[in-house]
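Close look at the chain arrangement
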Amino acid sequence: MFINIFFDATEESAQILIGIIISVGMIFLLGGIVFYFIAKFIKKQKEHEVELKLIKQEFEKQSLQSQIEIQEQTFNAISQEIHDNVGQMLSLAKVQMNIAEEQLKNSPSHLKDAKENITRALDDLRDIAKNLNTDRIEELDFVQILQTEVDRLNKIKKIECNFSVIGANRKMGNKHKLIAFRIIQESINNILKHANASKINITINFTKKELNATITDNGIGFNTSVKSNGLGLQNIIKRAILIGGNAIVKSEIDKGTSIAINIPYEQ
Amino acid sequence: MFNFLKLLIEAPAYIAELVAFVISAILLIRTRNKESLFFFILLTLTCFVELGSAYQLFTIKKTNNWIFNIFNPIEFSFYVWLYYKNTPVALYRKRILIGLFALYLFYIIDTLFIQGVLYLSTYAYITGCILLIYCVFNFYQYWLNTITVTAIKVMQWPMFWVSIGVFIFFGGEVFLMSYFQYFLNTHKMEILFPVWSVLSNLLNIILYTCLSISFLMQLKSQPKY
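Given the structure is predicted, the values throughout are model-derived calculations rather than measurements.

1. A few points about the overall build of chain A
Helix and strand content of chain A: seven helices and five strands. Counting across all 267 residues of chain A, residues that qualify as buried make up 34%. A fraction of 68% describes how many contacts in chain A between residues 6 or more apart in sequence connect residues 24 or more apart. Just so you have it, chain A exposes about 16,700 Å², and 57% of that area is on carbon and sulfur atoms.

2. Some words on the packing of aromatic side chains
Residues and elements named next belong to chain B. Tallied over the entire structure, the rule returns 21 aromatic pairs over all chains. When the ring of Phe76 is compared with that of Tyr125, the centres are 5.4 Å apart and the planes differ by 50°; the resulting orientation is tilted. With a gap of 49 residues between them, Phe76 in helix α3 (residues 65-86) and Tyr125 in helix α5 (residues 122-144) connect regions that are remote in the sequence. For Phe76, a relative accessible area of 0% puts it in the buried group.

3. Digging into the nonpolar core
By size, the foremost hydrophobic cluster in this structure holds 72 residues, and its most contacted members are Tyr79, Phe170 and Leu211 of chain B. Secondary structure elements with two or more residues in this core: α2 (11-103) of chain A together with α1 (2-31), α2 (34-54), α3, α4 (90-114), α5, α6 (158-185) and α7 (189-221) of chain B. The element contributing the most residues to this core is α6 of chain B, with 16 residues. Ignoring any residue separated from it by four or fewer positions in sequence, one finds Leu211 of chain B in contact with Phe39, Leu43, Tyr79 and Val162 of chain B. Residues Leu64, Phe163, Ile191 and Ile215 of chain A belong to the second largest nonpolar core, which totals 41 residues.

4. Re the interface of chain B and chain A
The interface of chain B with chain A comprises 27 residues on the first partner and 22 residues on the second. Here chain B meets chain A over a buried area of about 2,400 Å², counting both sides, of which 82% is carbon and sulfur. Between the two partners, chain B and chain A, sit zero salt bridges. Listed by contribution, the elements that provide at least two residues to the side of chain B that touches chain A are α5, α6 and α7 of chain B. Broken down by element, the side of chain B that touches chain A gets its largest block of residues, eight residues, from α6 of chain B.

5. A few points about the pairing of strand β2 (residues 199-206) of chain A
Residue and element names in this part refer to chain A. The alternating pattern of β2 places Ile200, Ile202, Ile204 and Phe206 on a buried face and Lys199, Asn201, Thr203 and Asn205 on a face that is not buried. Here seven bridges tie strand β1 (residues 160-166) to β2, and the two strands are oriented parallel to one another. What sits directly across from Phe163, in β2, is Ile202. Once the chain exits β1 it traverses helix α6 (residues 174-195) before rejoining the sheet at β2, and the crossover so formed is left-handed. One ladder, built from seven bridges, connects β2 with strand β3 (residues 210-217); its direction is antiparallel. Pairing of Asn201 across the sheet is with Thr216, part of β3. What sits between the antiparallel neighbours β2 and β3 is a turn of three residues.

6. Observations regarding the environment of Val174 of chain B
Along the chain, the position of Val174 of chain B falls in helix α6. Through-space distance from the C-alpha of Val174 of chain B to that of Thr127 of chain B is 8.3 Å; in sequence the pair is 47 residues apart.

7. Things to note about the sheet that holds β1 of chain A
All names here are of chain A. Across the sheet, five strands lie side by side as β1-β2-β3-β5-β4; this open sheet has mixed pairing. Edge positions in the sheet fall to β1 and β4 (246-251), since each has one partner strand and no second. Across the sheet, the axes of successive neighbouring strands diverge by a mean angle of 10°, strand direction being ignored. Note: β3 against strand β5 (residues 257-264), seven bridges, orientation antiparallel. Bridging from a neighbouring strand, Thr214 pairs with Ala260 of β5. Where helix α5 (residues 142-156) meets the sheet, it contacts β1, β2 and β3, and its direction lies at approximately 165° from that of β1. Running over the sheet, helix α7 (residues 232-242) touches β4 and β5 and is turned about 150° from β4.

8. Some points on the pattern of salt bridges
All names here are of chain A. A complete count under the given rule lists seven salt bridges over all chains for this structure. Linking Lys115 and Glu101 is a salt bridge whose minimum nitrogen-to-oxygen distance equals 3.0 Å. Here the residue Lys115 occupies a position in helix α3 (residues 109-132), and Glu101 occupies one in helix α2, the gap between them amounting to 14 residues. Overall, Glu101 belongs to the partly exposed group, its relative accessible area being 21%. Among the ionic pairs, Lys155 bridges to Asp127, the shortest N-O distance being 2.7 Å. One end of the pair, Lys155, is in helix α5; the other, Asp127, is in helix α3, with 28 residues separating them in the sequence.

Analysis parameters
Residue positions within a chain follow its written sequence, with the count starting from 1. Going through the entries in the order they are written, you letter the chains from A and number the ligands from 1. Under the rules for a predicted model, residues below a pLDDT of 70 receive no local features and side-chain atom pairs below 80 are neither given nor counted, while totals for whole chains, interfaces and linings still include all residues. Only heavy atoms go into the side-chain values, all of them from the structure, while hydrogens and water stay out. Secondary structure elements follow DSSP: runs of H or I no shorter than four residues count as helices, runs of E no shorter than two count as strands, and numbering proceeds from the N terminus. Classification of residues uses two cut-offs on accessible area relative to the type maximum, computed with a 1.4 Å probe and protein chains only: under 20% is buried, over 50% is exposed, and between them is partly exposed. In what follows, a contact means two residues having at least one pair of non-hydrogen atoms within 4.5 Å. Note that accessible areas follow from Shrake-Rupley with a 1.4 Å probe, and for residues the cover is restricted to the protein chains shown. Side-chain rings of Phe, Tyr and Trp (the six-membered ring for Trp) are treated as a pair once their centres are within 6.5 Å; stacked means planes under 30 degrees apart, edge-to-face means over 60, and tilted covers the remaining angles. Definition of nonpolar core: a set of buried residues of the types Ala, Val, Leu, Ile, Met, Phe, Trp, Tyr and Cys, connected through side-chain atoms within 4.5 Å. Note on definitions: buried area is the accessible-area loss of two parts on being combined, 1.4 Å probe, summed for both. Salt bridges are defined as contacts in which a side-chain nitrogen from Lys or Arg sits within 4 Å of a carboxyl oxygen from Asp or Glu. Two strands make a pair as long as DSSP finds a minimum of two bridges between them. Whether a crossover is right-handed depends on one test, that the path from the first strand over the helix to the second runs clockwise when the strands point away from the viewer. Between the N-to-C directions of two axes lies an angle of 0 to 180 degrees, each axis being a line fitted to C-alpha atoms and, for a helix, fitted only over the stretch in contact.

Pasting the structure below:
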């Protein structure tokens, strides 16, 4: 009826028109269902992807956490060993040399040199032991720990290390302080091992929100776009991320390297 | 107008069928697996039945419906087997299998006692279409809730294209066959046959195009069906 009014058509053509309308409707309905299911499928896929990513991230976090814990345990064990065993033996050797010096009327200069060497080795070992010991790091504030590390480096006289602090010293959470310190230690080790540098500058800036630390050297640098097999830099970045911070490595061949680390305080 | 449209769409439908057949042959040569062999057999049968019907090779008493009453259950069996194989959930597999045997039984009853051998068994055909739609939904539901779904690139997944083709074709066939049966019963088939024919060929084009894409995806990546 409706169609007859508007199209002035016969019953036959009206039936054909209805047939076409219904058919087109059917095609749209089927197409719509297919699109709905594809969209749902893709949405679900994306959800799964996000879930998998989160699981992966959590796993990496846990794995890194365990790695740090194991490393700390190892450091503590080495520190304890230096203090209780190697340190004691060197102390004993020093005492024995003192006795030998007293007993010999004209003590040879080699004996004196050896005694001095033992004293230096003992001091160096004590410094190393201190910086490996987690409890001691937790006792001191961040500037004090870094100062000890810088002093130790300067004492070796292999490299010149400058340390500067900007802003008022802020208290940091033990976990964040320890990881930040280990990151800086790792950076220094990398410089000593690979950079062939004569100078290291360490600057820490206590901003309102976070701690910014920059470690720069005047070494040979490297091409950051070339993927390296070493884990040192990756570890630095991963550790910074683990405690909600970040690390940016900049380097150019023959122009040295700079590592900028931003770590939240977490008190 | 509709005769022209019918002609215009019948040729691409046959071409789509033949293209799918050729690609399935290439796929069989390249992969030599069971699925490719079954697809090749199905498409050979389809081309044989469709082209044979077009050239009236199977006409008995002015009708060739009897050949479709034989071919359609074979076609359903193939697709049901494909979904049975690709659905790992035991409960779904059991339901699919029961559905297939019930369909065979209904085909026999419909052909012999309800509609007759020389008439198209539309009731059984519609039931078969509904069974396949159920299989597609089962399959979709299973994969949607499986974690491995993330590893699948939808557009490159052969079963995705098979399912799209099967869903649109058999979903449309439910409507078309009901439509066909209604107009046969009301003696208006002659008027609406061109519309029906155009739609039927359109559905064929969609199915065989989807199957061809699925074979091409299989050739490209060669994952298992």
